Amino acid sequence: MPSSSVRSVCPYDCPDACGLLVEVENGRVVRVSGDPQHPVTRGLLCPKMMHYERTVHSPRRLLTPLLRTGAKGEGLFVPITWSEAVERICGRWKQLIGTHGAQSILPYSYAGTMGLVQRNAGHPFFHYLGASRLERTICSPAKDAGWKAVMGDTPAMDPTEVSQSDLVILWGINAAATSIHAMHDAQEARRRGARLWVIDTYRTPTADAADETFLVKPGGDGALALGMMHVIAREGLCDLAFIGENLLGYERFADEILPDCTPERMAPVCGLPPETIERLGREYARARAPFIRLGSGLTRYANGAMTVRTISCLPAVTGAWQKPGGGVFPGTSTGAAFPLQRVVREDFISGVSRLVSMNQLGNALNELADPPVMSLYVYHSNPAAVAPDQNAVIRGLERDDLFTVVHERFMTDTARFADIVLPATTSLEQDDLFRCYGSYQAQRNPAAIPPQGEAKSNWDVFRLLAAGMGWDEPFFQQEANDLIEQLLDFETPWRDAVITQRLREGEPVLLTVPTDPKRVWLTPSGKIEILNLLEPEPLPRPLTTHADGDGFPLRLQPATTPFALNSSFYEQDDLRARQTPMQLMMNPLDAASRALTDGQEVLASNDRGRVCFTLRITDRVPAGTVVTEGVWWREFIPGERGVNALTSQRLTDGGRGSTLYDVAVEVKGQENG
Ligand SMILES: Nc1nc2c(c(=O)[nH]1)N[C@H]1C(S)=C(S)[C@@H](COP(=O)(O)OP(=O)(O)OC[C@H]3O[C@@H](n4cnc5c(=O)[nH]c(N)nc54)[C@H](O)[C@@H]3O)O[C@H]1N2
Ligand SMILES: Nc1nc2c(c(=O)[nH]1)N[C@H]1C(S)=C(S)[C@@H](COP(=O)(O)OP(=O)(O)OC[C@H]3O[C@@H](n4cnc5c(=O)[nH]c(N)nc54)[C@H](O)[C@@H]3O)O[C@H]1N2
Ligand code: SF4
Ligand SMILES: [Mo]
């Protein structure tokens, strides 16, 4: 067979949706590189994707359907055919619908692939079935809620404006790991003379590139932003003309909230000294065009939405929005560019179906609801590893009466608990259409190679299951490409006929934002709403975190690593080798007060769980905070549990998001644990 180079898209949950060039020889992928013509990628891939062929052709790939033969979670299976698998699944579901009703079936999916068709492929199926619905809020809905409270539906500014900024602030984002192209742009701005600040809870690799790093107490950024705005107001550094024309409720904010937010009062909440808060406020206001890139880390707290809301006020009070390069970039939202309802088909929902938070899977599987969850269908997600409160999730998955189906590429922590495992294709074996959340770029992804073994795409599995259920609804007889065409065949100001044609042909394109995101405020009042009477809190103010009241002394940060993406990429041996499994970083002061030594095995614990780590003593983390990076598969770690045995099912203040970073623990030597 001849060799060829195919244009493709990186499918992972990353802001960039990079363009890939995939070299195929004899039906196998031999090399993957960054598309030099792609406006964001510019030829550069992150370390995770440089050898995507090692994931695609991994010896760990699941290649046939499997039936459980051992105990739940034991990992013993025998291969079965697709028709037996579909018969068993549909047979069991028909039975359950008869005894408990369709709501006893719960789908669980998130972001193994970000493509619009494959990611959402299960929605029409489960809507038609009448199953319970999953509230997909594990990532950062609190960010959206906080932004919306101030900015309404105003789209995000063009992130490439960062090149015109003189002060770039990477706030709660580990860009060197999670957003390498934004990192590149920030460093480029710095080379041209901009200052680069990082605001984080520990010294990340991103911090190494900064002029200055400010380490805050977890969940303390709202207090920092309020302290800065107190200084800005007190010293007359606000832009009163901009405020007068563009803001709603600034006067009330300045009268009722800011006077109490002195740097002295905010200091213990945010963990920075008063003089630093003073300086940050002054230098932010005096910068010509300060650009804030807002990450998701700081949103995963009980006060996450309020934190984002508060930070979003900064460019409003200083008028930074008026300057090219000034503003806050929270990530793009381009839902309006494609008619997703044509894939999701909410019109298939008949009657009332309950909504289950994906952050509370542990509760959902264990509590006596009416009806109880009797079947779980997991696809492109690994909840046994990534969902909070791992002990509760695993207790649920161990239930003998729970019928679990997992559609996966690999034998993940979750797949091990399945009754039936179905093999999934990778993005190079399936057709799809991608947009992304770090820029306004979009691209179509045609399959580059045939499915490996008997693997099937999400959409193709749901077509089979629909047939197995005996449905004759024509929607389920379409191919993925028919759905892609329906997404493209839609008139919208976001793309003209030329752009749509280029999309059809597989080129990377930039969508057009229909309104000026820095002048037209798409809020109910048409102004930037510092005051929002529709919110439970009408004005931004300091709020506490969940962990504040937990009574454990150390804040735990379950942070990201450059060499994995959530629990993805652990199948690649060389990427795993670049991380230390279950390493817990701790400040020398905290180690000394606990008589702990570097390299020692320790136990971190709280009311939810106990987790083994290897201690790494380092001043990269401040006293009071401990950090671990990566979401390890249980087969590669020493203890029984991963870091999410310590995280909680509690939700954020807005958006019902996860509070994965809002965790307190104690750490002891293993012999004392
Ligand atoms: N290499 C890699 N890339 C990824 C991922 C990955 O796991 N690995 N995950 C992908 C996904 S799903 C997402 S959502 C994005 C997330 O990408 P980011 O937005 O970068 O989010 P995180 O890395 O979770 O957290 C960012 C930083 O916030 C810090 N942080 C935590 N709490 C606070 C706080 O209270 N205040 C401040 N100022 N900082 C805080 C953390 O220490 C961390 O360094 O990245 C995507 N890209
Ligand atoms: N401790 C801790 N926990 C976290 C995080 C953290 O930083 N720390 N991050 C949180 C965040 S931000 C998020 S978004 C969630 C992410 O949670 P998930 O969306 O569950 O992400 P992954 O862990 O990447 O698991 C995705 C799985 O999908 C599979 N997959 C990939 N493509 C396909 C496909 O086309 N079809 C099928 N059927 N399967 C496929 C992959 O093999 C992989 O096992 O995790 C959250 N949990
Ligand atoms: S994970 Fe992100 S940075 Fe890496 S190749 Fe994919 S889109 Fe690009
Ligand atoms: Mo995420």
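With respect to the overall build of the protein
The secondary structure content of the protein amounts to 23 helices and 27 strands. Relative to a compact globule of 673 residues, whose C-alpha radius of gyration would be 26 Å, the protein shows 25 Å and is just as compact. When the backbone C-alpha atoms are referred to their principal axes, the protein occupies close to 75 × 65 × 50 Å. The 673 residues of the protein split such that 63% are buried. Counting only contacts in the protein whose residues sit at least 6 apart along the sequence, the fraction spanning at least 24 positions is 77%. If you sum the accessible surface of the protein, you get close to 24300 Å²; carbon and sulfur atoms cover 50% of it.

Brief notes about the sheet that holds strand β9 (residues 195-200)
Pairing between the strands of a sheet is mediated by backbone hydrogen bonds and can be parallel or antiparallel. Here we have 5 strands laid out as an open sheet, ordered β10-β9-β8-β12-β13, and parallel in their pairing. Two strands lie at the open edges of the sheet, namely β10 (212-215) and β13 (327-329), each paired on one side alone. Pairs of neighbouring strands in the sheet enclose a mean axial angle of 20°, with direction left out of account. As judged from the 4 bridges shared by β9 and β10, these two strands associate in the parallel manner. Within β10, the residue paired with Trp197 across the bridge is Glu212. Along the sheet, helix α13 (residues 304-312) contacts β8 (167-171), β12 (290-294) and β13; its crossing angle with β12, the most-contacted strand, is approximately 165°.

A look at the domain arrangement of the protein
How big an interface is tends to be expressed through the accessible area that disappears when the partners come together. Segmentation of the protein into domains returns domain 1 (4-56), domain 2 (66-138 + 343-426 + 449-478), domain 3 (157-330) and domain 4 (547-672). Each of domain 1 and domain 2 has a C-alpha centre, and these two points are 29 Å apart. Taken residue by residue, the interface counts 9 residues in domain 1 and 11 residues in domain 2. Between domain 1 and domain 2, roughly 810 Å² of surface is buried when both sides are summed, and carbon and sulfur atoms account for 56% of that area. When residues of domain 1 are sorted by the area they lose upon contact with domain 2, Pro11, Asp13 and Val56 head the list and together hold 48% of the total. At the junction of domain 1 with domain 2, the criterion picks out 2 residue pairs in polar contact (both at pLDDT 80 or more). For the side of domain 1 that touches domain 2, the per-class residue count stands at 6 nonpolar, 2 polar and 1 charged.

Some words on the pattern of salt bridges
All chains considered together, the criterion is met by 40 salt bridges. Residue Lys518 pairs with Glu161 through a salt bridge whose shortest N-O separation is 2.6 Å. Note that Lys518 is positioned in the loop between β20 (509-510) and β21 (528-529) and Glu161 in the loop between α5 (141-151) and β8, a separation of 357 residues in sequence. With a relative accessible area of 10%, Lys518 lands in the buried category. Because the salt bridges share partners, they merge into one network encompassing Arg195, Glu212, Arg279 and Glu283.

Topic: the site of ligand 3
Around ligand 3, the neighbouring residues are Cys10, Cys14, Asp16, Ala17, Cys18, Leu45, Cys46, Lys48, Met49 and Ile180. Looking at the shell around ligand 3, its residues break down into 8 nonpolar, no polar and 2 charged.

Things to note about the side chain of Asp16
Here Asp16 is to be found in the loop between β1 (3-9) and β2 (19-25). As a buried residue without a salt bridge, Asp16 has its nearest oppositely charged side chain in Arg293, at a separation of 5.2 Å. Once you skip the residues sitting within four places of it in the chain, Asp16 turns out to touch His38, Val40, Ser179, Ile180, His181, Cys436 and Gln441.

As for the nonpolar core
Core analysis: the biggest nonpolar cluster contains 122 residues, and Trp93, Phe125 and Trp171 have the highest contact counts within it. Ignoring anything within four residues of it in the chain, the contact list for Phe125 reads Trp93, Phe462, Leu465, Ala466, Met469, Trp471 and Phe476. Formed by 38 residues, the second largest nonpolar core is a distinct cluster that contains Leu66, Ile138, Val406 and Met411.

Considering the site of ligand 1
The immediate surroundings of ligand 1 are formed by 33 residues, with Asp200, Asp221, Tyr301, Thr560 and Ala564 found nearest. Here Thr178 contributes a side-chain N or O atom positioned 2.7 Å from an oxygen atom of ligand 1. Here a nitrogen atom of ligand 1 and a side-chain polar atom of Tyr301 are 2.7 Å apart. In isolation ligand 1 exposes 920 Å². Once the protein is present, 97% of that is buried. If you list the elements that add at least two residues to the shell around ligand 1, you get α6 (175-178) and β9. For the shell around ligand 1, a count of residues per class yields 15 nonpolar, 13 polar and 5 charged. For the shell around ligand 1, the two domains that each supply at least three residues are domain 3 (157-330) and domain 4 (547-672).

Regarding the environment of Ser132
In this structure, Ser132 sits in the loop between α4 (122-129) and β7 (133-135). On the accessibility criterion, Ser132 (1% relative accessible area) is buried. Along the backbone, Ser132 and Thr561 are 429 residues apart, and their C-alpha atoms lie at a distance of 34 Å. For Ser132, the residues in contact, after removing those within four places along its chain, are Ala102, Gln103, Ile105, Leu106, Pro107, Arg354 and Val356.

Brief notes about the packing of helix α8 (residues 221-234) against helix α11 (residues 263-270)
Close contact between α8 and α11 brings their axes to 8 Å; oriented N to C, the two are set at 165°. Relative to α11, the element α8 lies roughly antiparallel. Seen from above, α8 lies across α11 with left-handed handedness. Judged by residue contacts, Ala223, Leu224, Leu226, Gly227, His230, Val231 and Arg234 of α8 engage Pro263, Met266, Val269 and Cys270 from α11. Classifying every residue of the contact of α8 with α11 gives 8 nonpolar, 2 polar and 1 charged.

Some points on the packing of α5 against α13
Look at α5 against α13: their axes get within 7 Å of each other, and the N-to-C directions meet at 40°. As summarised for this structure, α5 and α13 are arranged oblique, according to the angle between their axes. Seen from above, α5 lies across α13 with right-handed handedness. Each of Ala142, Lys143, Ala145, Gly146, Trp147, Ala149 and Val150 in α5 lies in contact with α13, whose residues at this interface are Gly304, Ala305, Val308, Arg309 and Ser312.

About the cut-offs
- Residues numbered from 1 in each chain as written.
- Chains lettered and ligands numbered in written order.
- Predicted model: local features only at pLDDT ≥ 70, side-chain atom pairs only at ≥ 80, totals over all residues.
- Heavy atoms only, no water.
- Helix = DSSP H or I, 4+ residues; strand = E, 2+ residues; numbered from the N terminus.
- Rg over C-alpha atoms; globule rule 2.2 N^0.38 Å.
- Buried < 20%, exposed > 50% of the residue type's maximum accessible area, 1.4 Å probe, protein only.
- Contact = heavy atoms within 4.5 Å.
- Areas by Shrake-Rupley, 256 points an atom, 1.4 Å probe, with all protein chains shown as cover.
- Pairing = 2+ DSSP bridges.
- Axes fitted to C-alpha atoms, helices over the stretch in contact; angles between N-to-C directions.
- Domains from an automatic or database assignment.
- Buried area = accessible area lost by both parts, 1.4 Å probe.
- Polar contact = N/O pair within 3.5 Å; in protein donor to acceptor, adjacent residues only side chain to side chain.
- Nonpolar A, V, L, I, M, F, W, Y, C, P; charged D, E, K, R; others polar.
- Salt bridge = Lys/Arg side-chain N within 4 Å of Asp/Glu carboxyl O.
- Near = heavy atom within 4 Å.
- Lys, Arg positive; Asp, Glu negative; His and termini not counted.
- Core = buried A, V, L, I, M, F, W, Y, C linked by side-chain atoms within 4.5 Å.
- Parallel < 35°, antiparallel > 145°, perpendicular 65-115°, else oblique.
- Left-handed = near helix turned anticlockwise from the far one by under 90°.

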